[in-house]
Amino acid sequence: GAGVSQSPSNKVTEKGKDVELRCDPISGHTALYWYRQSLGQGLEFLIYFQGNSAPDKSGLPSDRFSAERTGGSVSTLTIQRTQQEDSAVYLCASSSMGRTQETQYFGPGTRLLVL
Amino acid sequence: TQLLEQSPQFLSIQEGENLTVYCNSSSVFSSLQWYRQEPGEGPVLLVTVVTGGEVKKLKRLTFQFGDARKDSSLHITAAQPGDTGLYLCAGGLQGGKLIFGQGTELSVKP
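Residues numbered from 1 in each chain as written. Chains lettered and ligands numbered in written order. Predicted model: local features only at pLDDT ≥ 70, side-chain atom pairs only at ≥ 80, totals over all residues. Heavy atoms only, no water.

A. Local environment of the interface of chain A and chain B. Between chain A and chain B, the residue contacts involve 23 residues of the former and 25 residues of the latter. For the pair chain A and chain B, the interface holds 1 salt bridge. Ionic pairing is found between Lys97(B) and Asp56(A), a salt bridge with its closest N-O pair at 3.2 Å. Between chain A and chain B we count 6 residue pairs in polar contact (both at pLDDT 80 or more) in total. The class makeup of the residues in the side of chain A that touches chain B is 8 nonpolar, 11 polar and 4 charged. (Contact = heavy atoms within 4.5 Å. Salt bridge = Lys/Arg side-chain N within 4 Å of Asp/Glu carboxyl O. Polar contact = N/O pair within 3.5 Å; in protein donor to acceptor, adjacent residues only side chain to side chain. Nonpolar A, V, L, I, M, F, W, Y, C, P; charged D, E, K, R; others polar.)

B. Representation of the sheet that holds strand E3 (residues 19-24) of chain A in the model. Residue and element names in this part refer to chain A. Strand order in the open sheet made by the 4 strands is E1-E3-E7-E6, with antiparallel pairing throughout. Looking along the sheet, the strands with just one partner apiece sit at the ends: strand E1 (5-7) and strand E6 (65-69). Each strand axis lies, on average, 15° off the axis of its neighbour in the sheet, ignoring direction. In this sheet, strand E7 (residues 75-79) lies alongside E6 in antiparallel orientation, the contact comprising 5 bridges. Directly across from Phe65, in E7, lies its bridge partner Ile79. (Pairing = 2+ DSSP bridges. Helix = DSSP H or I, 4+ residues; strand = E, 2+ residues; numbered from the N terminus. Axes fitted to C-alpha atoms, helices over the stretch in contact; angles between N-to-C directions.)

C. Local environment of the pairing of strand E4 (residues 31-37) of chain A. Residue and element names in this part refer to chain A. A large share of E4 lies buried, amounting to 7 of its 7 residues. Of the two faces of E4, the one carrying Ala31, Tyr33, Tyr35 and Gln37 and the one carrying Leu32, Trp34 and Arg36 are both buried. In this sheet, strand E5 (residues 43-50) lies alongside E4 in antiparallel orientation, the contact comprising 7 bridges. Following the sheet pairing, Arg36 is matched in E5 by Glu44. As paired elements, E4 and strand E8 (residues 88-95) share 7 bridges and run antiparallel to each other. Bridging across to E8, Leu32 finds its partner in Ser94. (Buried < 20%, exposed > 50% of the residue type's maximum accessible area, 1.4 Å probe, protein only.)

D. Fine view of the pattern of salt bridges. Considering all chains together, one arrives at 7 salt bridges over all chains under this definition. The partner of Arg22(A) in a salt bridge is Asp24(A), with the nearest N and O atoms 2.8 Å apart. On the basis of relative accessible area, Asp24(A) is assigned to the partly exposed category, the value being 22%. Between Arg36(B) and Glu38(B) there is a salt bridge; the shortest N-O distance is 3.3 Å. Overall, Arg36(B) belongs to the buried group, its relative accessible area being 18%.

Next comes the structure, spelled out in structure tokens:
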């Protein structure tokens, strides 16, 4: 079956522009997570969606970051007025029910470079 | 704030050597996961440990969860070039959210 997919795979933008990153989770997975990874580093939690519950936005670094999940499936992470420090790999993951100990399946990531 | 300290950050060894990666925290986690990530790809789960003192083996990899569920280790026996990659530990929190360590970049030279 299809895994988690993300688009675009690479994005180069100019400082101050807005960008949208897309994530298609595994079909039937109710939980969806966004993480950010700087070069060679661990993952930083950004936001978490679970079913119809209000998302956990506790990891978003500023109000320039937002995300939505439409129809309980596809998610879009939006970064407004991008800054150079936003350059990183943005990873999306999904899991079956969002429970602790479940396997999270990761997409390949979107590599964002802000010039 | 819950943090996971992973060490060493970089490790370069010769094929056939043994190595251990450590993951430590002052916080208690309900579970601890280890992931491996290759360049250009997302992390892939290796193992989940949930019980204090638990030991799991996956071929040449041995994973241990500390008795107090605050620390974990990954031991690789007779490392091979195919083991090269970024190893990440992650502590499980309520709702499935994960807190990741900084990662260990392992290079195994033939």
